[in-house]
Amino acid sequence: MEAGSFTADFLKQNHDLYSAATNHSFIASIRDGSIDAQNFKLWMEQDYHFVREFVRFVASVLVKMPRDSPECDVDIILGGITALESEITWFRKEANFWQIFLERVTLLQPNKDYCAFLKQLEGSDTPFTVAISAFWLIELVYCVSFMSCLEKDAKTPFELISTVKRWGSPEFHDYTLKLMKLVDKALENASKDEQKQAHEACVRVLELELKFWDMAGFVLG
Ligand SMILES: Cc1ncc(CN)c(N)n1
């Protein structure tokens with residue numbers, strides 16, 4: 001992350017919100033092994049449906065990418081879409097293990113709000129620069145959150161290791177770094193207005209991520 005870049009400046013200026021979104025008590029409960037299986041299942045049910053919407057969003061980012069982008073940049077997004085296919089297969093397998101019926105899930109309000117935001121970003125009036133910035137941050141929040149569950153002193157339960165490795169692995173971290181470079185390159189010469197829109201979209205991502213964790217960590221009665 002280069003000082004003076006959009007991503008570095010954004011994380012510095014929004015440190016508290018970023019920290020709240022990446023150090024949530026839901027993640028802490030996975031890390032210290034105290035997580036309630038009901039909460040984990042709730043998260044999984046909701047996240048599966050989020051990811052289905054996320055696929056459409058990422059596809060829209062690819063469509064918005066400038067035609068003269070280098071092939072290697074296009075391939076980063078394409079790789080992201082490919083990875084989402086295996087993520088969906090993984091969700092279905094895990095759902096079987098946890099006896100979750102994904103087709104019977106009712107979307108909760110924080111998930112509905114997040115999916116509505118993704119749909120808004122998919123629209124043709126959202127520029128590539130704004131969409132790619134949101135995309136980077138959505139992936140970064142999961143990466144940094146789940147990475148903490150793989151630290152040496154973490155007590156992540158064995159049956160949750162495949163979950164935390166999905167987003168907390170060094171490979172996923174590398175992917176977020178590649179996205180970060182795409183964002184900074186795209187915004188380097190963007191207008192002040194686009195930079196402002198990208199900043200606002202990223203703040204919204206952090207707010208929605210926070211609410212998504214709150215929803216997952218909500219203790220079921
Ligand atoms: C809510 C949410 N945010 C981010 C991710 C990571 N793609 C996710 N699966 N779900």
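Predicted model only: the values in this text are computed from it and were never measured.

Criteria and cut-off values
- Residues numbered from 1 in each chain as written.
- Predicted model: local features only at pLDDT ≥ 70, side-chain atom pairs only at ≥ 80, totals over all residues.
- Heavy atoms only, no water.
- Helix = DSSP H or I, 4+ residues; strand = E, 2+ residues; numbered from the N terminus.
- Buried < 20%, exposed > 50% of the residue type's maximum accessible area, 1.4 Å probe, protein only.
- Contact = heavy atoms within 4.5 Å.
- Patch = residues over 30% accessible without salt bridge, like charges linked within 9 Å, V, L, I, M, F, W, Y side chains within 5 Å.
- Areas by Shrake-Rupley, 256 points an atom, 1.4 Å probe, with all protein chains shown as cover.
- Salt bridge = Lys/Arg side-chain N within 4 Å of Asp/Glu carboxyl O.
- Lys, Arg positive; Asp, Glu negative; His and termini not counted.
- Charge placed at Lys NZ, Arg CZ, Asp CG, Glu CD.
- Phe/Tyr/Trp six-rings, centres within 6.5 Å; stacked < 30°, edge-to-face > 60°.
- Lys NZ or Arg CZ within 6 Å of the ring centre and 35° of its normal.

## Considering the side chain of Asp 73
When you line up the elements, Asp 73 lands in helix 5 (residues 71-97). A relative accessible area of 9% means that Asp 73 is categorised as buried. Look past the residues within four positions of Asp 73 in its chain and what remains in contact with it is Met 65, Leu 182 and Lys 185.

## Here we look at a positive patch on the surface
Judged by side-chain charge, Arg 52, Arg 56, Arg 92 and Lys 119 come together as a positively charged surface patch. Considering the arrangement of structural elements, one finds Arg 52 in helix 4 (residues 37-64). Among the residues examined, Arg 52 registers a relative accessible area of 39% and is labelled partly exposed.

## Things to note about the environment of Tyr 114
Along the polypeptide, Tyr 114 turns up in helix 6 (residues 109-122). Distance from Tyr 114 to Phe 212, taken between C-alpha atoms, is 8.1 Å for residues 98 residues apart in sequence. Residues contacting Tyr 114, with those up to four places away along its chain left out, are Phe 50, Ile 138, Val 205, Leu 208, Glu 209 and Phe 212.

## Considerations on the packing of aromatic side chains
Using the criterion set out here, one finds 27 aromatic pairs in the structure. Between the aromatic rings of Phe 26 and Trp 213, the centroid separation amounts to 5.7 Å while the plane-to-plane angle is 25 degrees, which identifies the pairing as stacked. Here Phe 26, found in helix 3 (residues 25-31), pairs with Trp 213, found in helix 10 (residues 192-217); they are 187 residues apart in sequence, far enough to count as distant. A network of ring pairs unites the aromatic residues Phe 26, Phe 40, Trp 43, Tyr 48, Trp 90, Phe 91, Phe 97, Trp 98, Tyr 142, Phe 146, Trp 167 and Trp 213 as a single cluster. The lysine or arginine in question, Arg 104, covers the ring of Phe 101, its NZ or CZ lying 4.4 Å from the ring centre.

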